[in-house]
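# A structural walkthrough
Below are the chains, spelled out letter by letter.
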Amino acid sequence: MPEQYESEGAISSTGMGGAMDLAVNEAETLERAPGGPDAGGTAEKPRSLWSDAWRDLRRNPVFLISGVIILFLVFISLWPSAITWMSPLKCDLAKAQEGSQPGHPFGYDGQGCDVYTRTVYGTRTSVTVGVCATLGVAILGSVLGGLAGFFGGFWDSILSRIADIFFAIPVVLGGLVLLSVVTSNTVWPVVGFIVLLGWPQIARIGRGAVITAKQNDYVQAARSLGASNSRVLLRHIAPNAVAPVIVVATIALGTYIALEATLSFLGVGLKPPNVSWGIDISAASPYIRNAPHMLLWPAGALAITVLAFIMLGDAVRDALDPKLR
C-alpha cells in the first residue's frame, strides 16, 4: 500500500508538475520570440495609412513611371536652359515652317522660331499654372468645406448653395467672359480664374470627409475629455480627412494644365510674348497639313504631361483608398 500510494502520488505530481513546467516554458518562449513582450523593442509597430500608402506606391509601376515623367517636367521647368541653349523668342522668318534640321530636331514654326525650344519653355508655364492653381483650389476648398462640415447648420447650407452656383457656370464659357476683360499678360489671372471655379469640387469632397471623420469614436472621446473645437478639428479630424482631398487635387492638376492650354488656344488665357503650349497649338492649327510638326510636338508634350498627372492621381487614389486594398 505505501508503495502504491507513493507511486500514485509520484504519477499525479509528475503529471501536474509537467503541465505547469510546460506552460512556463511556453510562456518564456513566447516572451523571447520576436514581437514578444521581452523582445527588446523588436516588435513591429502598426503602420499608419500614410506608411502603407507609401509602401504601395513604391511597388506601383504606374506611380514610378508617372513620377519620373513629372520630375523631369519639373526639372526642365526650373532649368530649361539645361537642355536647350536657344531663346524661345529668337525667330528667323526665312526658316518658317521648315522641318527637322541638325541642331533643330523639331523644326521651325510659322514665325521661324525653334519648336523644340518653345516646347521646352512651354513646360514652365503649364507646370506653374497647374501647381499654383491646384494649391489655391486645395487650400481654399478644403478650408471652406472642412469648416462647413464641422460646424454644419446655417453656414453649411450657405456654402452648399454658393457651391451650386459656381457648379452651374460652364468653365470654358466663364473663362471667355471673365478673362476677356483682363489686361494683365501673366499667369496669375488664369490661376485666379481656375481657383475661382475649382474650389467647390474640393470643398464638397472636404465637407463629406470631415462629416464622416467627426462621427468616429476617437473624436467623441476627445470631446468628452474637454478638447476645444480647434484642437478636435486640427489634431483629430483634419489628418484623417485630408486623404480624399489630396487624391482629387492630384487628378485635377492635369485637368488644370489642359484648361490653361484650352483658354490660351482660344485667345483669352496667356498671350504672346508668353510661351505656352496652347498658344503654339493655336498658331500651328492653320498649317496642320503643310507643316504638321508645328502642331505635333507641343500637342504631344501637353498630352504626356496631362496623362502623367492623371496617372499619378490614380496611383495615389489606389494607395489611399482603404476600399481598394
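Residues numbered from 1 in each chain as written. Predicted model: local features only at pLDDT ≥ 70, side-chain atom pairs only at ≥ 80, totals over all residues. Heavy atoms only, no water.

Here we come to the side chain of His293. Within the secondary structure, His293 is located in helix H11 (residues 293-320). A polar side-chain atom of His293 sits 3.0 Å from the main-chain carbonyl oxygen of Glu98. The contact partners of His293, leaving out residues within four places of it in the chain, are Gln97, Glu98, Gly99, Phe106, Gly107, Tyr108, Val115 and Pro298. (Helix = DSSP H or I, 4+ residues; strand = E, 2+ residues; numbered from the N terminus. Polar contact = N/O pair within 3.5 Å; in protein donor to acceptor, adjacent residues only side chain to side chain. Contact = heavy atoms within 4.5 Å.)

Below, the discussion takes up the nonpolar core. In terms of nonpolar packing, the biggest core is built from 25 residues, with Ile257, Leu302 and Leu320 touching the most fellow members. Elements represented by at least two residues in this core include exactly helix H2 (49-58), helix H3 (61-78), helix H9 (229-266), helix H10 (277-284) and H11. With 12 residues, H11 is the largest single contributor of residues to this core. Beyond its immediate chain neighbours, meaning those up to four positions away, Ile257 contacts Ser126, Gly130, Leu302, Thr305, Val306 and Phe309. (Core = buried A, V, L, I, M, F, W, Y, C linked by side-chain atoms within 4.5 Å. Buried < 20%, exposed > 50% of the residue type's maximum accessible area, 1.4 Å probe, protein only.)

Now for the confidence of the model for the protein. Per-residue confidence for the protein gives a mean pLDDT of 83, with 83% of residues at or over 70. Here residues 1-39 is modelled with pLDDT under 50, and outside its nearest four sequence neighbours on either side it reaches 12 contacts, counting other chains as well. (pLDDT = per-residue confidence, 0-100.)

Summed over all chains, the structure comprises one cavity of 30 Å³ or more. Around the largest cavity sit Leu179, Val182, Ser184, Thr186, Pro189, Val190, Val268, Gly269 and Lys271, which together line it. (1 Å grid on protein atoms, 1.4 Å probe; cavity = no way out; pocket = protein on both sides within 12 Å on 5 of 7 lines; lining within 4 Å. Points joined across faces, edges and corners; volume = space filled by probe spheres on them.)

Inspection of every chain in the model, using the stated rule, returns one disulfide. Paired through a disulfide, Cys91 and Cys113 show a sulfur-sulfur distance of 1.6 Å. Disulfide Cys91-Cys113: the torsion about the S-S bond is 65°, which places it as right-handed. Remark: Cys113 occurs in the loop between H3 and helix H4 (115-151) and Cys91 occurs in the loop between H3 and H4; sequence separation between them is 22 residues. (Disulfide = S-S within 2.5 Å.)

Our focus in this paragraph is the layout of surface pockets. Looking at the second largest pocket, its volume works out to about 350 Å³. Surrounding the second largest pocket, 16 residues form its lining, Ser142, Val143, Ala238, Val242 and Val245 being those nearest its centre. Going through the elements one at a time, H4, helix H7 (188-213) and H9 are the ones with two or more residues in the lining of the second largest pocket. Here the element with the most residues in the lining of the second largest pocket is H9; it accounts for nine residues. A class-by-class count of the residues in the lining of the second largest pocket yields 12 nonpolar, four polar and no charged. (Nonpolar A, V, L, I, M, F, W, Y, C, P; charged D, E, K, R; others polar.)

A few words now on unusual backbone geometry. Residue Pro273 is reached from Pro272 by a cis peptide bond, and omega for that bond is 10°. If you trace the backbone, Pro273 turns up in the loop between H9 and H10. Phi at Gln97 takes a positive value of approximately 65°, unusual for a residue other than glycine. Here Gln97 lies in the loop between H3 and H4. Exposure remark for Gln97: the relative accessible area of 30% places this residue in the partly exposed category.

The terminal C-alpha atoms of H3 lie 26 Å apart, and with 18 residues this matches the ideal 26 Å at 1.5 Å per residue to within 8%. What H3 keeps buried is the set Phe63, Ser66, Gly67, Ile70, Leu73, Ile76 and Ser77. Measuring from the backbone nitrogen of Val62 back to the side-chain oxygen at the start of H3 gives 3.0 Å, which picks out Asn60 as the cap. (Expected span 1.5 Å × (residues − 1).)

What follows concerns the packing of aromatic side chains. Going through the model one piece at a time under the given rule, you end up with seven aromatic pairs. A centroid spacing of 6.2 Å and a plane angle of 90° characterise the contact between Trp54 and Phe63, whose relative ring orientation is edge-to-face. Take Trp54: its relative accessible area is 45%, and that puts it in the partly exposed class. Exposure remark for Phe63: the relative accessible area of 16% places this residue in the buried category. Between Phe154 and Trp155, the aromatic rings sit 5.3 Å apart at their centres with planes inclined by 75°, giving edge-to-face as the arrangement. (Phe/Tyr/Trp six-rings, centres within 6.5 Å; stacked < 30°, edge-to-face > 60°.)

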